[in-house]
Protein chains: 4
Amino acid sequence: MYKAGLIGVTGYTGMELARILAFHPQIELTHATSRQEAGKKIEDLYPFLRSCKIGSVCIADYNAMSLAKECDIVFLAVPHGTAMKSAAELTACAKELKKQIKLVDLSADFRIKNPETFETWYQIKHEQTDLLKQAVYGLFDIYEKEIKNARLIANPGCYPTASILGLYPAVTHDIVANDIIIDAKSGTTGAGRKAQVSSLFCEVHDNFRPYSIGGKHRHTPEIEQELSIAAQKEIFVSFNPHLLPVERGILATIYAPLAKNISLEDIHALYLETYARAPFVRVLPLGQLPETRNVRGSLFCDIALALDKRTHKLIVTSAIDNLARGASMQAVANANLCLGLPLDTGILHAPLCP
Amino acid sequence: MYKAGLIGVTGYTGMELARILAFHPQIELTHATSRQEAGKKIEDLYPFLRSCKIGSVCIADYNAMSLAKECDIVFLAVPHGTAMKSAAELTACAKELKKQIKLVDLSADFRIKNPETFETWYQIKHEQTDLLKQAVYGLFDIYEKEIKNARLIANPGCYPTASILGLYPAVTHDIVANDIIIDAKSGTTGAGRKAQVSSLFCEVHDNFRPYSIGGKHRHTPEIEQELSIAAQKEIFVSFNPHLLPVERGILATIYAPLAKNISLEDIHALYLETYARAPFVRVLPLGQLPETRNVRGSLFCDIALALDKRTHKLIVTSAIDNLARGASMQAVANANLCLGLPLDTGILHAPLCP
Amino acid sequence: MYKAGLIGVTGYTGMELARILAFHPQIELTHATSRQEAGKKIEDLYPFLRSCKIGSVCIADYNAMSLAKECDIVFLAVPHGTAMKSAAELTACAKELKKQIKLVDLSADFRIKNPETFETWYQIKHEQTDLLKQAVYGLFDIYEKEIKNARLIANPGCYPTASILGLYPAVTHDIVANDIIIDAKSGTTGAGRKAQVSSLFCEVHDNFRPYSIGGKHRHTPEIEQELSIAAQKEIFVSFNPHLLPVERGILATIYAPLAKNISLEDIHALYLETYARAPFVRVLPLGQLPETRNVRGSLFCDIALALDKRTHKLIVTSAIDNLARGASMQAVANANLCLGLPLDTGILHAPLCP
Amino acid sequence: MYKAGLIGVTGYTGMELARILAFHPQIELTHATSRQEAGKKIEDLYPFLRSCKIGSVCIADYNAMSLAKECDIVFLAVPHGTAMKSAAELTACAKELKKQIKLVDLSADFRIKNPETFETWYQIKHEQTDLLKQAVYGLFDIYEKEIKNARLIANPGCYPTASILGLYPAVTHDIVANDIIIDAKSGTTGAGRKAQVSSLFCEVHDNFRPYSIGGKHRHTPEIEQELSIAAQKEIFVSFNPHLLPVERGILATIYAPLAKNISLEDIHALYLETYARAPFVRVLPLGQLPETRNVRGSLFCDIALALDKRTHKLIVTSAIDNLARGASMQAVANANLCLGLPLDTGILHAPLCP
């Protein structure tokens, strides 16, 4: 049984991590931290975990040394900027203890390889560029081998997970030209568990709205970085997100001009082949389309392909659960891999539908 | 007081027409028809209209002559194919009675000017091409003058209303190139009031899904027709709809490559100017974005503009209430105009928000 | 045109008041106040009111003298405790100006006639007992005459409106015994527009929860006061509220032991008779049941009656829109009456359904 | 690995059974039947199960002999009336094959021990009274021992599960008098997966409504039967259901007059003691209240206690997932027990929250 720590238990990603680890057969959450909630038990904060073993874990103040001493792996579910600090502290403590601990960072701090790009988009200086160099981007469908050997994993963003998986086979095979549009829609857990008027039930329910339109969203450089690596050339995307009145779920509708004369059937075959050894990417049969509920609570990414022959576009629709695949369950999958466990340990469930 | 008939009271557009006419000061719904519900009162079918005068109107079987005899205006809220038949019958009866009656057709039967295009997309033959020639496309922000003189009004589709209004100033001023993508999202009233599993609460709620992806949706030719007229050249769009877990509301996110070097401020000024005399189009200040709830239950179309400078695209977001502006309230506005009443008679309400 | 002021425009009741007054033909909102939002226009805060005349009203800091000077009527949409202070200040200013202004208080401050009862339940001292004596309880279906002559109207609470109207005929006619249970369910606008985690979309959506179970809710004494007056004896109720994942709407299911041998048909006749001159109470035909959507955005209260013969209970179900009938539209109705206008001026709309 | 058959895969209970069995470590769904969908694979009907082993199971027409031959256990997820026929046929086939098969019936056919009571409430004759005598009521928190030895298990109804568990300790200890009211609210999966207008998204969403008010719901005799057994005297309840705009979840608010002078703390202690060996009943600490989301997708029943001291009532709130604990997951738990497996085999997951 590996011992896990969780820094930042009060947000939705922390909450989901606690949920997933509640019945994990080989990773036990033994330490959870939060400034505001220190002293409470997890079940006081999250009554749905009452009577689960994890429910009686006491939430503590953050203490790097104690985490480093007692944990095999630590999940960082804190805001960007804070995460890089904690990662550095935990690394220093582990060094002092002559011990290795694995880190899975759910923030954006170690996702962008170029610190200048990071600084441009996140408006803060990257202070841990040494750690940044060691970090592995945790998209296990692509980087499984690297993740197995990683000490610090940059868990991918939710929108990037859906977008990159949706485009990866197309860009690696030069099927599409560079003028790519991603129209993405996310459930409201993506907005976090902060008390703010714009996230109130009565401001979101029976409503739909765009935000950060026009290439302003911070997930843009992360998507571009990974697609550029895959394409071996610089790729630009116009990424535009919207807020859905659902709790979980992202659906990205991706429009890419066809770069060559190729049939939908052939593209489909390429996608199937690319993901043949990726058990959590489900390339749907032609004619079917994804729905967010089909992946709810699971690690699956459902991908469908269509051609708009009149306008020569490949249209990829890609659905994930933003909280599970787009954050915490992906983090646990990465934890599994870097601890030497099978990818799907403790997270192989059927989606909750309906 | 004008007397109105409504053919097809059982769908959501019929229901919404009844709702809107319930307190209209100059149009009185006196006849409502439905095959399944004949014999009931409107308030039996729609208890929310109990104790309103309209609630006691008896639903009858469809009878063209009786409608023609007793009504000044008839709304057709029946499926395409059926609507053209009724329009022809009502016209014939009116002729026989030597009387003029106005028709507002909420189906697609008289929207597409080219009968061959209609037949290609709707898979039925257009049997009333004479009437088709007389029909006026009922987008009053653009065709107000023609509607005032019309006898037969083709009420616009819901997606086309949002899409055309969103693009009209851009295409009339040659701001954008032809490679236009419309990523549209609609509330579920758009799927109709038919008993079908795919529209059940538990199949739609907390879910989001695309449909008719790849240029297959029948609203495509309607959008292209009106944009082509505005642009005075042939325009193609890739139109892709999605189903939202909300009752009312369409939001279209429109991506159009910039055709010239023009600032966002200048585009915004052009939009404001174009719609200066269109009281129900609200061009939002730069930096604001529309939300479906902001137009709920109203005739407003909210339009916002953004530029993605990195990829040289104009991104228009356009929101309407699919049932009100996209169907029945637009029909009443058109009825007002063709009966000689002010456009906003009986339909000037603040949106219901929250 | 009467001039109205609104103290507290930022909550849902203030928002709804602005919405309702936007197109009121005889009351014009000219002053709106808010500490946090002073300086903004109403349309900046509430974009759904853009292009309505009311949208351009500037939100100001609260200033009792300026309100008293320029308004004929002032709506108080501030928390209890604050409302009584403002009411006193406005009264003093009006006196100084030798002018009469009408006050409609949407808080609880003037609802409870007995200041000790108020203090027990609200845990603050009532500092305006003189004003309290002048206040009229604004349930116009019962107190229309008093409201017409009132200067200070205590606008009823949302739950009390549904509960009292549901029981009033039964208790006035001694049909039911004292052991009454009210199981009430409210939409989330009832929880206010405060930024708090428990009101976040992801904490309310696809969820249902009770709160204040066991006679702890502050609406209890308000319901008991009015029922006791109607019954001319002391009535106790067990009032138990629940939070619905809907925006607007209250449905109260009321269980009352039958006190006499009387048929359902006779009880129904008594309800119809009692409310014969109450145009906004709709006593449903036997066999029908209310739904919150049937009253959405309206002043209607829908009431249905059933008997559980096996357990000898009258079961009343009563539905209102908590924000409209349960707060702001009721306030406007009361304003209409006390200004000498017909009750339904500017608020006679069909419910928004769906 | 036990082999399981499922008669009736197309409803929500069948769908949920397939979902739960998808990754069950000891029961494999090998046969699924449906008249309308025969010939399809399960993953064609339920795309969320794609790439799970169960997804490739072919749906067949119902054939009692083939099910009896090849299955160790059969789940009946068909309407009442049909279930008793199938149970009889399967029993006869098993006899012929000299083989024992276990049956878990999710319909109401074997829940009511008295066939006359069944006939009164369900309006059909009970044709399998012999089987009825053998059936065990599958509420494992109470009848675990009987279930382990059962051949035919009557899986409890959803409302009865929440109601009986909520009242069981109180009635067994004579804490409450007989005048019990159950105000129950259910998610819409409870209405089934039939195509009907009243279950459409736009008829349920942002709405709340009662139904079968006044002791008319068929779950009444089931609740009364079990409470009467527990109390060892005849118990009557007034059971009144409502439809929630959520997918899963029942919350019952139960009002029972106190029959003796006992403190809330003592009642709480009795509840804790009664359920000390019932791992899936969570008696909440005093002061906490259940929420439907806290049990979503799980076998938990969350129970809270409150006293209304002013009116001398015990108020129990009890929450379950109607589809999981109220139907299919309870059925799998019963299957586990009667096959000799630990109760929680394959169904021990944390609730999906949010």
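Structure shown above.
All residue numbers refer to position in the chain's written sequence, counted from 1. Chains carry letters from A onward and ligands carry numbers from 1 onward, assigned in written order. In keeping with the model being predicted, local features are shown solely for residues with a pLDDT of at least 70 and side-chain atom pairs are shown and tallied solely at 80 or more, while totals for entire chains, interfaces and linings include all residues. Where side-chain values are given, they derive from all heavy atoms of the structure, hydrogens and water being excluded.

Visitor: Quick question: what am I supposed to make of the interface of chain A and chain B here?
Guide: It is common to give the size of an interface as the accessible area lost on bringing the parts into contact. The interface of chain A with chain B comprises 49 residues on the first partner and 49 residues on the second. The quantity reported as buried area is the accessible area (1.4 Å probe) lost by two parts once they are put together, taken as the sum for both. Between chain A and chain B, a total of about 3900 Å² is buried, with carbon and sulfur atoms accounting for 54% of that surface. Contact with chain B buries area across many residues of chain A, yet A:D206, A:F208 and A:R310 alone supply 17% of it, more than any other trio. One side-chain nitrogen of Lys or Arg within 4 Å of one carboxyl oxygen of Asp or Glu is enough to make a salt bridge. Scanning the region where chain A abuts chain B turns up twelve salt bridges. Polar contact is defined as a pair of N or O atoms within 3.5 Å, subject to the rule that within protein one atom must be able to donate a hydrogen and the other to accept it, and that residues adjacent in sequence are counted only when both atoms are side-chain atoms. Inspection of the region where chain A meets chain B yields 30 residue pairs in polar contact (both at pLDDT 80 or more). Each helix corresponds to a stretch of at least 4 residues labelled H or I by DSSP, and each strand to a stretch of at least 2 residues labelled E; elements are numbered beginning at the N terminus. Looking at the side of chain A that touches chain B, the elements with two or more residues in it are β8 (180-186), α9 (201-204), β9 (209-210), α10 (219-231), β10 (237-243), β11 (250-257), β13 (301-308) and β14 (313-320) of chain A. Residue contributions to the side of chain A that touches chain B peak at five residues, all from β10(A). Here, residues are in contact when the closest pair of their heavy atoms is within 4.5 Å.

Visitor: Looking at this structure, how should I read the packing of aromatic side chains?
Guide: To describe a pair of aromatic rings, one takes the distance between the centres and the angle between the planes. Only rings of Phe, Tyr and Trp enter the pairing, Trp through its six-membered ring, and a pair is recorded when the two centres are within 6.5 Å. The plane angle decides the type: under 30 degrees is stacked, over 60 is edge-to-face, the rest tilted. Scanning the entire structure with this criterion turns up 22 aromatic pairs over all chains. Geometrically, the ring pair formed by A:F280 and A:F300 is tilted, given 5.5 Å between the ring centres and 50° between the ring planes. Of this pair, A:F280 sits in the loop between α11 (264-274) and β12 (281-283) while A:F300 sits in the loop between β12 and β13, placing them 20 residues apart in sequence. For the residue pair A:F280 and A:F300, the accessibility class agrees, reading buried in each case. As a reminder, the over-ring test applies to NZ of lysine and CZ of arginine, requiring each to be within 6 Å of the ring centre and within 35 degrees of the ring normal. In this structure, A:R282 is placed above the aromatic ring of A:F300, and the distance from its NZ or CZ to the ring centre is 3.8 Å. The ring of C:Y12 has C:R193 sitting right over it, with the charged end atom 5.9 Å from the ring centre. Burial classes: relative accessible area under 20% of the type maximum marks a residue as buried, over 50% as exposed, and values in between as partly exposed (1.4 Å probe, protein chains only).

Visitor: Mind showing me how you'd approach the packing of helix α8 (residues 158-172) of chain A against α10(A) here?
Guide: Angle between the axes and distance between the axes are the two parameters that describe a pair of packed helices. Residues and elements named next belong to chain A. Note on definitions: angles span 0 to 180 degrees between N-to-C directions of axes, and those axes are lines fitted to C-alpha atoms, for helices only across the stretch in contact. Closest axis-to-axis distance for the α8/α10 pair is 9 Å, and the angle between their directions is 25°. The angle between α8 and α10 places the two elements in the roughly parallel class. Along this stretch, α8 crosses α10, giving a crossing that reads as right-handed. Across the interface between the two elements, C158, Y159, P160, S163, I164, L167, Y168, V171 and T172 of α8 pack against H219, E222, I223, E226, L227, A230 and A231 of α10. Any residue outside Ala, Val, Leu, Ile, Met, Phe, Trp, Tyr, Cys, Pro, Asp, Glu, Lys and Arg is labelled polar, Gly included; the first ten of those are nonpolar and the last four are charged. Here the contact of α8 with α10 is built from residues that sort into eleven nonpolar, three polar and two charged. Roughly parallel here means an angle under 35 degrees, roughly antiparallel means over 145, roughly perpendicular means 65 to 115, and every remaining angle is called oblique. Each helix crossing is assigned a hand: it is left-handed if the near helix lies turned anticlockwise from the far helix by less than a right angle, otherwise right-handed if that turn is clockwise.

Visitor: Please explain the relation of the copies chain A and chain B as it appears in this structure.
Guide: The second copy of the chain is related to the first by a rotation about an axis and a shift along the axis. Superposing chain A onto chain B takes a rotation of 180° plus a shift of 0.0 Å along the axis, which leaves an RMSD of 0.0 Å. The two molecules are tied by a two-fold rotation axis, judged by turn and shift. When you check the interface residues of chain A against chain B, 100% turn up at the interface there too, and the contact is symmetric in its surfaces. Least-squares superposition of the copies uses the C-alpha atoms of those residues scoring a pLDDT of at least 70 in each of them.

Visitor: Explain the relation of the copies chain D and chain B here, please?
Guide: Mapping chain D onto chain B calls for a screw motion: a turn of 180° about the axis and a shift of 0.0 Å along it, with 0.0 Å RMSD after fitting. Looking at the interface residues of chain D, 100% of them are also at the interface in chain B, so both copies use one shared face.

Visitor: Looking at this model, I keep getting lost on the pattern of salt bridges. Mind explaining?
Guide: Between side chains of opposite charge, pairing is possible as soon as their charged atoms come close. In total, this model carries 90 salt bridges over all chains according to the counting rule given. One salt bridge in this structure joins B:R293 and A:E203, with 2.7 Å as the shortest N-O distance. Here the residue B:R293 occupies a position in the loop between β12 (281-283) and β13 (301-308), and A:E203 occupies one in helix α9, the pair thus bridging two chains. Residue B:D302 is joined to B:R282 by a salt bridge in which the shortest nitrogen-to-oxygen separation is 2.7 Å. Here the residue B:D302 occupies a position in strand β13, and B:R282 occupies one in strand β12, the gap between them amounting to 20 residues. Here the two residues B:D302 and B:R282 agree in accessibility, since each one is buried. A single salt-bridge network, built from bridges that share partners, covers A:R193, C:E203, C:R209, D:E291 and D:R293.

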